[in-house]
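# A look at the structure
Read off the chains here:
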Amino acid sequence: MATWGSGATGGIERYVGTLVSNPDPLIAHAVVSQNNWPFLSPGKSPPLPSDIPAGHAVFHFVPSASALESVRAAGRMTAAFCHDHLWWCPSGTRYFDTTGSLCGIRAGPVSCAVRYHGMRCGSLRPGRTVEGFRRAADGRAALATVDRVLCASSYMAELAVRHGASSSKVRLVPLPVPSVPTVPVVHSVPTVLCLSRVTRLKGIAELLAAFSLLSRDARLLIANDGNDVARIRALVRAHPRRGRIELLGAVPTERVSQLLAEADVVALPSLWPEPFGLVGIEALAAGKPVVASGTGGMNEWARPELGVIVAVPNDARSFAAALERALAEPQWVDRARTVGRDHVSRHHSLPAHDAALVAAFEN
């Protein structure tokens, strides 16, 4: 893998873009396209093209039965890389919007159907709802039949087993981040960076509420785009510190390092159970302390010794207090630059990731 993915908004999208543009000779990365993700498999139902690189196939999105069968017919092993909850959850969120709480049920046609609309799990449009249930059913079926199930966190591994994967087939594969040194940029006003898709589940509105409670002067950069942008723009216009908030819109990958260099602290205020939270690893790779809500798989790395402060999810006062500490106490920067960066270089380098992928198929 020589280059990092470009033109994508989230950490996982950048990772997948890299894999598709730089295929490993042993492992063919098959991505069934959703939204604008790059793909090798042209849609949800056709089999894989015959000219994909030789090697075992890792599916980064739910494949059709025909796509799986085409790989097996070629004598290759198959793997599902569960980057998110789309493999088993019709909405892909594992979050109840009505109650503002995480979903703890075992997903399935009946258990989800009786809650879906009342708990506002996802889209209420009939077509998208039906599609979500169909995709989740295909995902659970795939987990039961693929040769390997790959997960970036123990949290996702437990959910994969709960939803049909055999524990003997599950492998933990740490996600990588590029080793790109960042030169700190000194500002007269501290900078908080939120590098995330702007969706309801990412907690951007809650971050704005926390930002209004800070006792110190600071500026807030919110990078990337999403389906909640209109609401967030309205909140920013009415915000008491609107002059210190910048909505940067869609950010190309090549600018990520620059934004991390400008940041004093990186904020991950997610409401939903993050499968991993790769942006936090990117921040630590740049030596930046992180304030995170610690939901889902983030607990894999959201530890104080690495330079990460965990706040209570959906609690503006808790998040504001954590931001105050990260900006005021030098120990958090020191930990991120030393222990945090060392942790990332040892566990989340590209060579370590490649080795884990290969080992997943060999063992």
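Residues numbered from 1 in each chain as written. Predicted model: local features only at pLDDT ≥ 70, side-chain atom pairs only at ≥ 80, totals over all residues. Heavy atoms only, no water.

This part covers the overall build of the chain. Looking only at helices and strands, one finds twelve helices and 13 strands in the chain. Across the 363 residues that make up the chain, the buried fraction comes to 55%. (Helix = DSSP H or I, 4+ residues; strand = E, 2+ residues; numbered from the N terminus. Buried < 20%, exposed > 50% of the residue type's maximum accessible area, 1.4 Å probe, protein only.)

With that settled, the discussion passes to the pairing of strand β3 (residues 78-81). Taking every second residue as pointing to the same face, both faces of β3 are buried, with T78 and A80 on one and A79 and F81 on the other. Of the pairings in the sheet, the one linking strand β2 (residues 56-59) to β3 comprises three bridges and is parallel in character. In the strand pairing of β3, F59 is matched with A80. With helix α2 (residues 65-73) bridging β2 and the parallel β3, this β-α-β connection has right-handed handedness. Inspection of the sheet shows β3 paired to strand β6 (residues 148-151) by three bridges, in the parallel sense. Its bridge partner lying in β6, A79 is registered against R148. (Pairing = 2+ DSSP bridges. Right-handed = clockwise from strand over helix to strand, strands pointing away.)

In this section: the confidence of the model for the chain. Overall, the predicted model of the chain reaches an average pLDDT of 85, with 85% of residues at or above 70. In the model, residues 1-8 has pLDDT below 50 throughout and makes 28 contacts with residues more than four positions away in sequence or in other chains. (pLDDT = per-residue confidence, 0-100. Contact = heavy atoms within 4.5 Å.)

This next bit is on the pattern of salt bridges. In total, this model carries eleven salt bridges according to the counting rule given. Among the salt bridges present, the one from D342 reaches R346, with a minimum N-O distance of 2.8 Å. You can see D342 and its partner R346 sitting in helix α11 (residues 330-347), four residues apart, about one turn around the helix. In this structure, a network of salt bridges that share partners links the residues R219, E246 and E262. (Salt bridge = Lys/Arg side-chain N within 4 Å of Asp/Glu carboxyl O.)

The next subject is the packing of aromatic side chains. A full pass over the atoms with the stated rule returns one aromatic pair. When the centroid spacing of 5.4 Å and the interplanar angle of 55° are considered together, the rings of Y116 and F133 count as tilted. Separated by 17 residues along the polypeptide, Y116 in the loop between α3 (109-113) and α4 (126-145) and F133 in helix α4 bring together distant segments of the chain. You can call Y116 buried: its relative accessible area is 4%. A cation sits over an aromatic face here: R241 above F211, 5.6 Å from the ring centre. In this arrangement the basic side chain of R335 is found over the ring face of W332, its NZ or CZ atom lying 4.7 Å from the centre. (Phe/Tyr/Trp six-rings, centres within 6.5 Å; stacked < 30°, edge-to-face > 60°. Lys NZ or Arg CZ within 6 Å of the ring centre and 35° of its normal.)

On to helix α7 (residues 229-237), then. Along α7, the residues classified as buried are V229, I232 and V236. Looking straight down α7, one finds its buried side chains confined to an arc of 65°; they lie on one side. Among the exposed residues of α7, those oriented more than 90 degrees off its buried face are A230 and R237. Here the buried face of α7 lies against α6 (204-211) and β10 (245-249). (Arc of directions from axis to C-beta.)

Turning our attention to the packing of α6 against helix α10 (residues 316-328). Axis separation between α6 and α10 bottoms out at 8 Å; the angle between their running directions is 65°. Of the two elements, α6 crosses α10, and the hand of that crossing is right-handed. Across the interface between the two elements, E206, L207, A209 and A210 from α6 touch A316, F319, A320 and L323 from α10. In terms of residue class, the contact of α6 with α10 is made up of seven nonpolar, no polar and one charged. (Axes fitted to C-alpha atoms, helices over the stretch in contact; angles between N-to-C directions. Left-handed = near helix turned anticlockwise from the far one by under 90°. Nonpolar A, V, L, I, M, F, W, Y, C, P; charged D, E, K, R; others polar.)

Let's shift gears to the packing of α6 against α7. Where α6 contacts α7, the two axes come as close as 10 Å, and the packing angle between them is 10°. With respect to α7, the axis of α6 lies roughly parallel. Packed against α6, whose contacting residues are I204, A205 and L208, the element α7 presents R231, I232, L235 and V236 at the interface. When grouped by side-chain class, the residues that make up the contact of α6 with α7 number six nonpolar, no polar and one charged. (Parallel < 35°, antiparallel > 145°, perpendicular 65-115°, else oblique.)

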